[in-house]
Amino acid sequence: SRSLRSASSCGGRAVAAMAPSRAGAALRRSLLLLPPLLLVLVSAGLSGYFGTKSRYEEVNPHLVRDPLSLGPSAASSRLPAACTPLQLRAVLRHGTRYPTAGQIRRLGDLHSRLLRRRPAAASSSSSSSSSSSSSSAEAACPAAADLAAWQMWYEESLDGRLAPQGRRDMELLARRLAARFPALFAARRRLELASSSKHRCLQSGSAFRKGLGPSLSLGSDEVEVEVNDSLMRFFDHCAKFVALVEENDAAMCQVDAFKEGPEMRKVLEKVASALCLPVEELNADLVQVAFLTCSYELAIKNVTSPWCSLFSEEDAKVLEYLNDLKQYWKRGYGYDINSRSSCILFQDIFQHLDKAVEESKSSKPISSPLIVQVGHAETLQPLLALMGFFKDAEPLKANNYKRQMQRKFRSGRIVPYAANLLFVLYHCEQVKSPEQEYQVQMLLNEKPMVFHHSNETISTYTALKEHYKDLLENCHFQEECELPKMNVTAGDEL
């Protein structure tokens, strides 16, 4: 159990005072003068560090060249010819989305500060000395001037909605999966399509269905998207998680400590210097929203935003760690309830796999050959943690940034936009033992995962169930998520 009793448990540290880096500020000013092609290269240098706001192409670069390419992993992960896929269970994250209303408000706040500090343009009646002073100030802060001139086009009504690129993400994913598993996506095969109640997920589900096209005619061109928050937003229904993590400020003490730590302080002072703003006017949240605006413009519009020019690759690594800390402590390994709350989804996956095995053994048609569910990064991250993937030997903390440079837990590599976790059940003939008749593959973002129990990318279904026997038998959602009846502190419980 991990205590949240005091800030000292988060490795609280005194923030060292650092002078703004003139060299860093000069570098940022010079970036604004680069031609468009070189600015794209600058953006590419940052794009690997956008965390959960990363484009899907960051984990599958071959899709930049050919959006329908199955990639090198498809050929290398094929099962023997005698294996036929029986069922595919896909848990997807929605496609590329707009910022949330809260992020848009913070961006508007930062942009307004730049507009307020920008010297007013000299009027026709202004003296030449006033005009000269204004021009001099503009020249001293080209980054601030450029960003003040940037058009604030985000509106709060966008509030996390699916962007046009997000629809393309889902349509293309559907087409690639249909090409990879043609037998499962053949005509008149039944598709069960479910989603969280969030608009971006419902639209992602519809876009996925559209990507399959009428030629596949999965029973009907119009497959209804069922809302299933109990599986796709299980965290909202877990009282223990909501009370002790979601609504408990102390649970994020590692995140808060890193925001005040020397690494973030250095980034904050460099950005303040580039914008010619007093460092007191900025905080970690405003700096992060500037960085994420760079990511949104790249993901949504495929352009390099002037906001990108504020950051170096080293800055990006620090800001990625801030994002990963939040994911780790709120959705990953930070607290057991984060992952244990997903056992309702985990067990549902295996119940459907069990049913497909039973139907196959009885020579019955598989009633649910295709199950596609659309949720969130917050749906996938706890599930993967429950299964033990991407776990580092040392927890991510505010005071071990440098030791975690090679960490496994990098949210942008795990749950970018359109992330997908696939369970594929196969029936295999010409096998040496009955246990080998039913085998399973897991793919994350279309790449085969290595099972912990076998160190292979293929497992017998029997061995996989044995490996997760304790979770399948003893992880009960209601019991896991029940608030403790005793009067204990969050720190004691977690």
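Residues numbered from 1 in each chain as written. Predicted model: local features only at pLDDT ≥ 70, side-chain atom pairs only at ≥ 80, totals over all residues. Heavy atoms only, no water.

> Mind laying out the state of the cysteines, listing which residues take part and the relevant values?
Counting across every chain of the model gives 4 disulfides. Between the sulfur of Cys-83 and that of Cys-428 lies a disulfide, 2.0 Å long from S to S. Given an S-S torsion of about 110°, the disulfide between Cys-83 and Cys-428 has right-handed geometry. Taken together, the residues span a long stretch of sequence, with Cys-83 in strand S1 (residues 83-93) and Cys-428 in strand S5 (residues 420-428) at a distance of 345 residues. A residue is classified by how much of its surface remains accessible, and Cys-83, at 13% relative accessible area, is buried. (Disulfide = S-S within 2.5 Å. Helix = DSSP H or I, 4+ residues; strand = E, 2+ residues; numbered from the N terminus. Buried < 20%, exposed > 50% of the residue type's maximum accessible area, 1.4 Å probe, protein only.)

> Can you lay out helix H15 (residues 313-330) for me, pointing to particular residues and giving the numbers?
Between the first and last C-alpha of H15 there are 26 Å, a value that for 18 residues agrees with the 26 Å anticipated at 1.5 Å per step. In terms of residue burial, H15 counts as a mostly covered element, since 14 of its 18 residues are buried. (Expected span 1.5 Å × (residues − 1).)

> Before we move on, can you summarise the pattern of salt bridges with the specific residues and values?
Enumeration over the complete set of coordinates arrives at 20 salt bridges. Among the ionic pairs, Arg-403 bridges to Glu-394, the shortest N-O distance being 2.7 Å. Judged by its relative accessible area of 30%, Glu-394 is partly exposed. Overlapping salt bridges, with partners in common, bring together Glu-320, Asp-324, Arg-407 and Arg-410 in one network. (Salt bridge = Lys/Arg side-chain N within 4 Å of Asp/Glu carboxyl O.)

> Outline the side chain of Arg-410, supporting the account with residue identities and numerical values.
Tracing the backbone shows Arg-410 in the loop between helix H18 (377-386) and helix H19 (411-414). Side-chain polar atoms of Arg-410 contact the backbone oxygen of Gly-48, separated by 3.0 Å. Within the structure, Arg-410 has its side chain in polar contact with the side chain of Glu-320 (distance 2.8 Å). (Polar contact = N/O pair within 3.5 Å; in protein donor to acceptor, adjacent residues only side chain to side chain.)

> I'd love a proper account of the confidence of the model for the protein chain, names of residues and values included.
Averaged over all residues, the pLDDT of the protein chain equals 86, while 82% of them reach at least 70. Every residue in residues 1-9 scores below 50 in pLDDT, and together they form 25 contacts with partners more than four places removed in sequence or on other chains. The low-confidence segment residues 119-131 (pLDDT under 50) makes 6 contacts with residues lying over four places distant or belonging to another chain. (pLDDT = per-residue confidence, 0-100. Contact = heavy atoms within 4.5 Å.)

> Tell me about the nonpolar core, and please be specific about residues and values.
Counting 109 residues, the largest nonpolar core has Phe-258, Leu-282, Trp-307, Leu-310, Phe-311, Leu-421 and Leu-425 as its most contacted members. The element contributing the most residues to this core is helix H14 (residues 284-301), with 12 residues. Core analysis: the second largest hydrophobic core is formed by 32 residues, Leu-79, Leu-184, Val-225 and Cys-428 among them. (Core = buried A, V, L, I, M, F, W, Y, C linked by side-chain atoms within 4.5 Å.)

> Give a detailed account of unusual backbone geometry, specifying residues and quantitative values.
Look at Asp-159: it is not a glycine, yet its phi comes out positive at around 20°. Structurally, the position occupied by Asp-159 is in the loop between helix H7 (142-149) and helix H8 (164-180). The phi dihedral of Ala-418 is positive, around 65°, even though this residue is not glycine. Tracing the sequence through the fold places Ala-418 in the loop between H19 and S5. Looking at Ala-418, the relative accessible area reads 3%, which means it is buried.

> Can you break down the packing of aromatic side chains residue by residue, with the values?
Inspection of the entire model under this criterion finds 18 aromatic pairs. Ring centres 6.0 Å apart and planes at 45° place the aromatic pair Phe-258 and Tyr-401 in the tilted group. Residue Phe-258 is located in helix H12 (residues 253-259), and its partner Tyr-401 is located in the loop between H18 and H19; the two are separated by 143 residues in the primary sequence. For Phe-258, a relative accessible area of 0% translates into the label buried. With a relative accessible area of 7%, Tyr-401 lands in the buried category. (Phe/Tyr/Trp six-rings, centres within 6.5 Å; stacked < 30°, edge-to-face > 60°.)

> Residues and numbers for the side chain of Asn-228, please.
Mapping Asn-228 onto the fold places it in the loop between strand S3 (226-227) and helix H10 (229-232). The class for Asn-228 is buried, based on a relative accessible area of 15%. At a separation of 2.6 Å, a polar atom in the side chain of Asn-228 contacts the side chain of Ser-230. When residues no more than four places from it in sequence are discounted, the contact partners of Asn-228 are Ala-194 and Ser-195.

> Give me the lowdown on the pairing of strand S2 (residues 191-195), citing residues and values where you can.
Looking along a regular strand, one sees side chains alternate from face to face of the sheet. Burial analysis of S2 places 4 of its 5 residues in the buried class, the great majority of the element. Relative to strand S4 (residues 370-375), S2 runs parallel, the two sharing 5 bridges. Its bridge partner being in S4, Ala-194 is matched across the sheet by Gln-373. Alignment of S2 against S3, held across 2 bridges, turns out to be parallel. Its bridge partner being in S3, Ala-194 is matched across the sheet by Glu-226. (Pairing = 2+ DSSP bridges.)

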